[in-house]
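These are the residues of each chain, in order.
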Amino acid sequence: MLDLLRKRKSTRSYLKKEIEKNIVNMLLEAALLSPSSRNIKPWEFVIIDDKKIIEQLALSKEHGSEFLKEAPLIIAVIADKTASDVWVEDCSIASIIIQLEAESLGLGSCWVQIRCRETKEKEKSEDFVKKLLKIPQQYGVESLIGIGYPKENSKSNNKSLTWEKCSYNNFGIASL
């Protein structure tokens, strides 16, 4: 797991290569195995591989969603807000599980935050995505995850560890 975390990075540039059905199924299995509070599993996943819809999703935020137009696959992580009061946390866990599984399969990914964001036209990003994907009103949209084969096989980021952010027993008391 540590090796996977050390090499994972946000990928925003993808090859024009379709992701095989069996690989998509593995990503979905990982998502469905994600833990959730009280095992309610309020999350659901919308798989998008239609290029026209992907091009529209690239407009879902004022900044930071443009790269999606290159992604051969997007997974929208949504949840029924009436099912759980911690749907945001449950969707966040599922989102990172999807990204880690993508990394383990040789894919690149990047999370696009949708909740509490706006389009260039100042429409709520969540409303924009709900309209486009025909998502019922009681659902919240946490994220869109762009997934694909990385365009370049660059080395992972130099991830320096900030051990000073770790405390033992009381805040601010380090003892490593």
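Here, the structure is the one placed above.
Residues numbered from 1 in each chain as written. Predicted model: local features only at pLDDT ≥ 70, side-chain atom pairs only at ≥ 80, totals over all residues. Heavy atoms only, no water.

S.K.: What am I meant to see in the state of the cysteines here?
M.R.: Two cysteines form a disulfide when their sulfur atoms are joined by a covalent bond. If you walk through the whole model with that rule in mind, you get 0 disulfides. C91 supplies the cysteine sulfur nearest to C110, a cysteine that is in no disulfide, at a spacing of 17 Å. Judged by relative accessible area, which is 3%, C110 ranks as buried. (Disulfide = S-S within 2.5 Å. Buried < 20%, exposed > 50% of the residue type's maximum accessible area, 1.4 Å probe, protein only.)

S.K.: Looking at this structure, how should I read a negative patch on the surface?
M.R.: Residues E18, E20, D49 and D50 make up a contiguous surface patch of negative charge. Tracing the backbone shows D50 in the loop between β1 (43–48) and α3 (51–57). (Patch = residues over 30% accessible without salt bridge, like charges linked within 9 Å, V, L, I, M, F, W, Y side chains within 5 Å. Areas by Shrake-Rupley, 256 points an atom, 1.4 Å probe, with all protein chains shown as cover. Salt bridge = Lys/Arg side-chain N within 4 Å of Asp/Glu carboxyl O. Lys, Arg positive; Asp, Glu negative; His and termini not counted. Charge placed at Lys NZ, Arg CZ, Asp CG, Glu CD. Helix = DSSP H or I, 4+ residues; strand = E, 2+ residues; numbered from the N terminus.)

S.K.: It is not clear to me how the environment of L107 should be interpreted in this structure. Could you clarify?
M.R.: Tracing the sequence through the fold places L107 in the loop between α4 (87–104) and β3 (108–113). A relative accessible area of 2% means that L107 is categorised as buried. For the pair L107 and T11, spaced 96 residues apart in sequence, the C-alpha to C-alpha distance is 8.8 Å. Setting aside its immediate chain neighbours within four residues, L107 contacts I19, I23, L27, A102, I147, G148, Y149 and P150. (Contact = heavy atoms within 4.5 Å.)

S.K.: Honestly, a nonpolar patch on the surface in this entry has me stumped. Any pointers?
M.R.: A cluster of nonpolar side chains, namely M1, L2 and L5, defines an oily patch on the protein surface of about 330 Å² accessible area. In this fold, M1 is placed in the segment before α1 (2–7). The exposure class assigned to M1 is exposed, which follows from its relative accessible area of 66%.

S.K.: So what exactly am I meant to see when it comes to the packing of aromatic side chains here?
M.R.: Both the distance between ring centres and the angle between the ring planes are used here to describe each pair of aromatic rings. Inspection of every chain in the model, using the stated rule, returns 1 aromatic pair. Aromatic pair W43 and F45: ring centres 5.3 Å apart, planes at 35 degrees, arrangement tilted. For W43, a relative accessible area of 5% puts it in the buried group. One cation-aromatic arrangement involves R12 over F67; the distance from NZ or CZ to the ring centre is 5.9 Å. Taking the ring centre of Y149 as reference, the NZ or CZ of K17 above it sits at 4.2 Å. (Phe/Tyr/Trp six-rings, centres within 6.5 Å; stacked < 30°, edge-to-face > 60°. Lys NZ or Arg CZ within 6 Å of the ring centre and 35° of its normal.)

S.K.: Could you clarify how one ought to interpret the sheet that holds β1 in this entry?
M.R.: Where strands meet in a sheet, backbone hydrogen bonds hold them as pairs that are either parallel or antiparallel. Strand order in the open sheet formed by 4 strands is β1-β2-β4-β3, and the pairing between neighbours is antiparallel. Of all the strands in the sheet, just β1 and β3 have a single pairing partner and so form its edges. Each neighbouring strand pair of the sheet contributes to a mean axis angle of 25 degrees, computed without reference to strand direction. As paired elements, β3 and strand β4 (residues 139–148) share 6 bridges and run antiparallel to each other. Across the sheet, S109 pairs through a bridge with I147, a residue of β4. Along the sheet, α4 contacts β1, β2 (73–80), β3 and β4; its crossing angle with β4, the most-contacted strand, is approximately 10 degrees. Contacts between helix α5 (residues 125–133) and the sheet are confined to β1, β2 and β4, with β4 contributing the most and set at about 75 degrees to the helix. (Pairing = 2+ DSSP bridges. Axes fitted to C-alpha atoms, helices over the stretch in contact; angles between N-to-C directions.)

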